[in-house]
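Each chain, letter by letter, is given below.
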Amino acid sequence: MSTLSFKSAWLAPEGLESVMEQDLNRRGITIERWHGRLALSSQDSVYCPWALDIWHQPEVVEITSIRHAAETLRAIQRNWSLYAVDCFRRASLIQERLPPVKAAPLVFPTVPPSSPLGAWTLLDAGTLLFSATKSSPFVNGTPEFVEDRIGPPSRAYLKLWEACTRLGYWPQPGEQCLDLGATPGGWTWAIAKLGSTVTAVDRAPLDPKVAAMPTVQFHQGSAFGLEPETLPEADWVFSDIIAYPKRLLALATRWVNSGRTKHLVLTVKFQGETDHETVAAFEAIPGGHLAHLAQNKHELTFFWHQPTN
């Protein structure tokens, strides 16, 4: 029996390990060990928006063979995803003895997988760390999509696809949407492809191909200079604009307080040091939450939904 014991594990995005550790420290969590990008603690699990994936029930087992490792996992459940840090050959041989996980690229729009998925790794050749439950339905918290390499003017559309897939729903035909700070139009393109009407707001013009889409309207101006009351009510408000987090917080607060939209999906982008106080302020907005998407860089995505009576 292994003497190691952990109650929680968080998988950091590549290059953002220190940011995630700072966030966890603010939440009272001490990381006792790093295994690659996986942060391990003997304290109870808490939500961290910077984590790609959170392992809720980590267990440590000493293994005597490849077969022993695979049988240990198979005795618990069917579907397991590997996070490999080292011992790659041994981990691969264990993986071959497990049922394959169907992780084909997703065709958007689609709901996330619903089958239970656990996660595992080798701490060393004789030590298996696994968790039967985790926060993300995707392998290592990273969904893959069948990409469109012709239509959109930039790859930013993948961020919107991932956001909507995580939600499990997205703009519908006939719904009214706003895209604030839209240029060149990657998000506008993705919204319009869903059949929704989208008003794109930016000082600079949209990519001509996006501007020509039949459900796209363009409003030239600053996303921050417009009050919600000056624009039509929208079912959804989206923004992937580059802005200081505090300025975006003020924008989000105005829309939430206006009562003129049902959903917000905004990218909170950080320049230089991470503004953890503004992260906490976003989290304090009733009906909202933050998450780091696989498509995010040094940024978080803010989701908000109008409460239902």
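Refer to the structure above for everything that follows.
The shown structure was predicted, so the numbers you read here are calculated from the model rather than taken from an experiment.

**Q** I tried to follow the packing of helix H7 (residues 245–258) against helix H8 (residues 276–283) on my own but got confused; where do I start?
**A** Axis angle and axis distance: for two packed helices, these are the angle between their axes and the distance between the axes, and together they describe the pair. Their axes nearest at 10 Å, the elements H7 and H8 cross at an angle of 15 degrees. In terms of orientation, H7 lies roughly parallel with respect to H8. The hand of the H7/H8 crossing is left-handed. Two secondary-structure elements touch here, H7 through Pro 245, Lys 246, Leu 248, Leu 249 and Ala 252 and H8 through Thr 278, Ala 281 and Phe 282.

**Q** Any chance you could explain the packing of helix H4 (residues 157–167) against helix H5 (residues 186–193) here in plain terms?
**A** The interhelical angle for the contact between H4 and H5, taken along N-to-C directions, is 50 degrees, at an axis separation of 7 Å. Judged by the inter-axis angle, H4 sits oblique to H5. Crossing angle aside, the handedness with which H4 passes H5 is right-handed. From H4, Tyr 157, Lys 159, Leu 160 and Trp 161 reach across to H5, where they touch Gly 186, Trp 187, Trp 189, Ala 190 and Ile 191. Of the residues that constitute the contact of H4 with H5, the class distribution is 7 nonpolar, 1 polar and 1 charged.

**Q** What is the right way to read unusual backbone geometry from this model?
**A** Leaving glycine out, the prevailing phi sign among residues is negative, and the prevailing peptide bond configuration is trans. Residue Pro 109 is bonded to the preceding Phe 108 through a cis peptide linkage, with omega at 0 degrees. The linkage connecting Thr 183 with the following residue, Pro 184, adopts the cis geometry, with an omega of 5 degrees. The topology assignment puts Pro 184 in the loop between strand E9 (176–180) and H5. With a phi close to 50 degrees, Cys 87 is a non-glycine residue in the positive phi region. Structurally, Cys 87 is set in the loop between strand E6 (80–82) and helix H3 (88–96). Although it is not a glycine, Asn 140 adopts a positive phi angle of roughly 55 degrees. Position of Asn 140 relative to the elements: it lies in the loop between strand E8 (127–131) and H4.

**Q** Can you help me understand H5 in this one?
**A** Residues spaced three or four apart along an α-helix face the same direction, because each turn holds 3.6 residues. A large share of H5 lies buried, amounting to 7 of its 8 residues. Considered for burial, the residues of H5 that qualify are Gly 186, Trp 187, Thr 188, Trp 189, Ala 190, Ile 191 and Ala 192. Following H5 by one or two positions, Gly 195 has its phi on the positive side, about 90 degrees.

**Q** Sorry, what's going on with the packing of aromatic side chains here?
**A** Any aromatic ring pair is given by two values, namely how distant the centres are and how the planes are angled relative to each other. Scanning the entire structure with this criterion turns up 12 aromatic pairs. A centroid spacing of 4.7 Å and a plane angle of 85 degrees characterise the contact between Tyr 157 and Trp 161, whose relative ring orientation is edge-to-face. Here Tyr 157 pairs with Trp 161, and both are found in helix H4, just 4 residues apart, close to one helical turn. Like Tyr 157, the residue Trp 161 is buried in the burial classification. With 6.4 Å between their ring centres and 35 degrees between their planes, Trp 161 and Trp 189 make a pair best called tilted. In this pair, Trp 161 sits in helix H4 while Trp 189 sits in helix H5, placing the two residues 28 residues apart along the sequence. Of the two residues, Trp 161 and Trp 189, both sit in the buried class. A network of ring pairs unites the aromatic residues Phe 108, Phe 145, Tyr 157, Trp 161, Trp 170 and Trp 189 as a single cluster.

Conventions we followed
Residues numbered from 1 in each chain as written. Predicted model: local features only at pLDDT ≥ 70, side-chain atom pairs only at ≥ 80, totals over all residues. Heavy atoms only, no water. Axes fitted to C-alpha atoms, helices over the stretch in contact; angles between N-to-C directions. Helix = DSSP H or I, 4+ residues; strand = E, 2+ residues; numbered from the N terminus. Parallel < 35°, antiparallel > 145°, perpendicular 65-115°, else oblique. Left-handed = near helix turned anticlockwise from the far one by under 90°. Contact = heavy atoms within 4.5 Å. Nonpolar A, V, L, I, M, F, W, Y, C, P; charged D, E, K, R; others polar. Buried < 20%, exposed > 50% of the residue type's maximum accessible area, 1.4 Å probe, protein only. Phe/Tyr/Trp six-rings, centres within 6.5 Å; stacked < 30°, edge-to-face > 60°.

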